[in-house]
Number of protein chains: 2
Amino acid sequence: MKEAMKPIPHISEAESVVMEALWSHSPRSAEEVAIAIGDERAWQESTIKTLLNRLLRKNAVKVLKDGRRYLYSAAITREQWLHSESKGFLDRLFDGRVAPLVAHFSRHRKLSKADLEELKRLIGELDDGK
Amino acid sequence: MKEAMKPIPHISEAESVVMEALWSHSPRSAEEVAIAIGDERAWQESTIKTLLNRLLRKNAVKVLKDGRRYLYSAAITREQWLHSESKGFLDRLFDGRVAPLVAHFSRHRKLSKADLEELKRLIGELDDGK
DNA sequence: CAATTGCGATTACAACTGTAATCATAACCA
DNA sequence: TGGTTATGATTACAGTTGTAATCGCAATTG
């Protein structure tokens, strides 16, 4: 029986910026998160505190006490998040399948040479990988 | 000089259900939209009226008067919407490129046989199509 | 010990969403 | 013509999100 996978909480756009800071290095104090975000966003520290709190309530991050303050770490992996977001997106817009999305970008000539090469390599791999 | 493309307004999840009804056939009265949506959502008519109004204010739908009531049509195409949503999504999660997304699904073995075939066909086409 | 400072917690507040109910008004029916 | 309908318009209201300011308390410093 497969582990009952707990659902990935929804992470908003702003919250995801904080998560990225934690995914890139954990654990981190609120201040270090702020530094990591730097001027990617013109945020006050209190904004970041708010976001950390919301993520805590959602169980997307966890803390360990370090004296008077907290050190935050991501409680879900970036892969898990990518997956739930991607799945939601594909389901909503492309009937849950990858190919129609690729076809869409292809129709609009939005596939770069690099993308093309990468895709070719990928499906080549999959093909003979099994 | 390329036509100054007006930005696609953001369409919420619930609103997109209404848009789909209009994309599948336009123009339609509010009641016909409700019928088209049917029991896909357990919505009261007034909910649909609200959504139509919000979409109107965003200029995502337009109306023409038909006697006492309105007939609604989409003011943006589904392709435009798909594109702005997809671009936003890819930019946010996959650095704006398609290949990493496909790689992601591949890593999680979420590419069906059909997807594989379709992808192969697509890149084949692109390859010799130019 | 008192004043200051560093932090998490609480509160704020507007815009956007989901989901309606109610209001107003024009049209139709008796 | 007055009551009943059908509609669009207005109002409602809670939850989420973006973006903070402020409060309260523990620790540090003089």
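Look a little higher up for the structure.
S.K.: How should the overall build of chain A be read in this particular structure?
M.R.: Counting its regular elements, chain A contains six helices and two strands. The N-to-C order of helical and strand elements in chain A reads α-α-α-β-β-α-α-α. A globule of 130 residues ought to have a C-alpha radius of gyration of about 14 Å, yet chain A, at 19 Å, is considerably larger. The dimensions of chain A, computed from C-alpha atoms along their principal axes, are 55 × 45 × 25 Å.

S.K.: Would you explain the protein's contact with DNA strand C in this entry?
M.R.: Around DNA strand C, the surrounding shell holds 22 residues, and the nearest of these are Arg69(A), Ser12(B), Glu13(B), Ala14(B) and Ser46(B). Where the surface near DNA strand C is concerned, the elements lending two or more residues are α2 (30-37), α3 (45-57) and β2 (69-74) of chain A together with α1 (13-24) and α3 (45-57) of chain B. Tallied by class, the residues present in the surface near DNA strand C amount to six nonpolar, 10 polar and six charged.

S.K.: Looking at this structure, how should I read the nonpolar core?
M.R.: Most often, soluble globular proteins keep nonpolar side chains buried together rather than apart. Within the largest apolar cluster, 19 residues are counted, with the highest numbers of intra-cluster contacts made by Val98(A), Val102(A), Val98(B) and Val102(B). Those elements giving two or more residues to this core turn out to be α4 (78-94), α5 (98-107) and α6 (113-128) of chain A together with α4 (78-94) and α5 (98-107) of chain B. Discounting chain neighbours no more than four positions away, the residues touching Val98(A) are Leu90(A), Val102(B), Phe105(B), Leu111(B) and Asp115(B).

S.K.: Would you take a moment to explain the relation of the copies chain A and chain B for this structure?
M.R.: Two copies of a chain can be linked by a rotation about an axis combined with a shift along that same axis. For these two chains of identical sequence, chain A goes onto chain B by a turn of 180° and a shift of 0.0 Å along the axis, with RMSD 0.1 Å. The superposition of one copy onto the other is thereby described by a two-fold rotation axis. By residue overlap, the copies meet face to face through one surface: 100% of the interface positions of chain A are interface positions in chain B.

S.K.: For this particular structure, what's the right way to read the pairing of strand β2 (residues 69-74) of chain B?
M.R.: Residue and element names in this part refer to chain B. Pairing analysis gives six bridges linking strand β1 (residues 61-66) to β2, with the strands arranged antiparallel. Each residue of the ladder has a partner; that of Lys62, found in β2, is Ser73. The turn linking β1 back onto β2 is made up of two residues, and Gly67 within it adopts a positive phi angle of 65°.

S.K.: Just to check I follow, could you spell out the protein's contact with DNA strand D for this structure?
M.R.: By nearness alone, 23 residues border DNA strand D, and Ser12(A), Glu13(A), Ala14(A), Ser46(A) and Arg69(B) come closest of all. Of all elements in the fold, only α1 (13-24) and α3 of chain A together with α2 (30-37), α3 and β2 of chain B reach the threshold of two or more residues within the surface near DNA strand D. Looking at the surface near DNA strand D, its residues break down into six nonpolar, 10 polar and seven charged.

S.K.: Would you explain α5(B) in this entry?
M.R.: Because each turn of an α-helix spans 3.6 residues, side chains separated by three or four positions end up pointing in the same direction. All names here are of chain B. Residues of α5 that are buried include every one of Val98, Ala99, Leu101, Val102, Phe105 and Ser106, and no others. Buried residues along α5 cover an arc of 160° about the axis, so they all sit on one side. Arg109 lies just past α5 and shows a positive phi near 45°.

S.K.: Looking at this structure, how should I read α2(A)?
M.R.: Residue and element names in this part refer to chain A. Of all the residues in α2, the buried ones are Ala30, Val33 and Ala34. Buried residues of α2, seen end-on, are gathered within an arc of 100° and therefore sit on one face of the element. Exposed and facing more than 90 degrees away from the buried side of α2 are Glu31 and Ile35. Buried residues in α2 make contact with α1, α3 and β2.

S.K.: Just checking my understanding: could you explain unusual backbone geometry for this structure?
M.R.: For residues other than glycine, phi is negative in most cases, and the peptide bonds are mostly trans. At the junction of Ser26(A) and Pro27(A), the peptide bond is cis and its omega measures out at -10° in the coordinates. By the element assignment, Pro27(A) lies in the loop between α1 and α2. Of note, the phi angle at Asn59(A) is positive, near 60°, even though the residue is not glycine. Inspection of the secondary structure assignment puts Asn59(A) in the loop between α3 and β1 (61-66). On the basis of neighbour counts, which here come to 12 C-beta atoms within 10 Å, the residue Asn59(A) falls in the exposed class. Within the chain, Asp95(B) stands out as a residue other than glycine whose phi angle is a positive 60°. With respect to the helices and strands, the residue Asp95(B) is situated in the loop between α4 and α5.

S.K.: Honestly, the environment of Asn59(B) in this entry has me stumped. Any pointers?
M.R.: C-alpha separation for the pair Asn59(B) and Ala74(B), spaced 15 residues apart in sequence, amounts to 8.8 Å. Beyond its immediate stretch of four places on either side in the chain, Asn59(B) contacts Pro9(B) and Ala75(B).

S.K.: Looking at this structure, how should I read the packing of α1(A) against α3(A)?
M.R.: For any two helices packed against each other, one specifies the crossing angle of their axes together with the interaxial distance. All names here are of chain A. The interhelical angle for the contact between α1 and α3, taken along N-to-C directions, is 90°, at an axis separation of 10 Å. When the axes of α1 and α3 are compared, the pair comes out roughly perpendicular. Across from Ala14, Glu15, Val18 and Met19 in α1, the residues of α3 making contact are Ile48, Leu51, Leu52, Arg54 and Leu55. Taken together, the residues of the contact of α1 with α3 break down into seven nonpolar, no polar and two charged.

Definitions and limits used
- Residues numbered from 1 in each chain as written.
- Chains lettered and ligands numbered in written order.
- Predicted model: local features only at pLDDT ≥ 70, side-chain atom pairs only at ≥ 80, totals over all residues.
- Helix = DSSP H or I, 4+ residues; strand = E, 2+ residues; numbered from the N terminus.
- Rg over C-alpha atoms; globule rule 2.2 N^0.38 Å.
- Near = placed C-beta within 6 Å.
- Nonpolar A, V, L, I, M, F, W, Y, C, P; charged D, E, K, R; others polar.
- Core = buried A, V, L, I, M, F, W, Y, C linked by C-beta atoms within 7 Å.
- Buried ≥ 20, exposed ≤ 12 C-beta atoms within 10 Å, placed from the backbone.
- Contact = placed C-beta atoms within 7 Å.
- Least-squares fit on C-alpha atoms with pLDDT ≥ 70 in both.
- Pairing = 2+ DSSP bridges.
- Arc of directions from axis to C-beta.
- Axes fitted to C-alpha atoms, helices over the stretch in contact; angles between N-to-C directions.
- Parallel < 35°, antiparallel > 145°, perpendicular 65-115°, else oblique.

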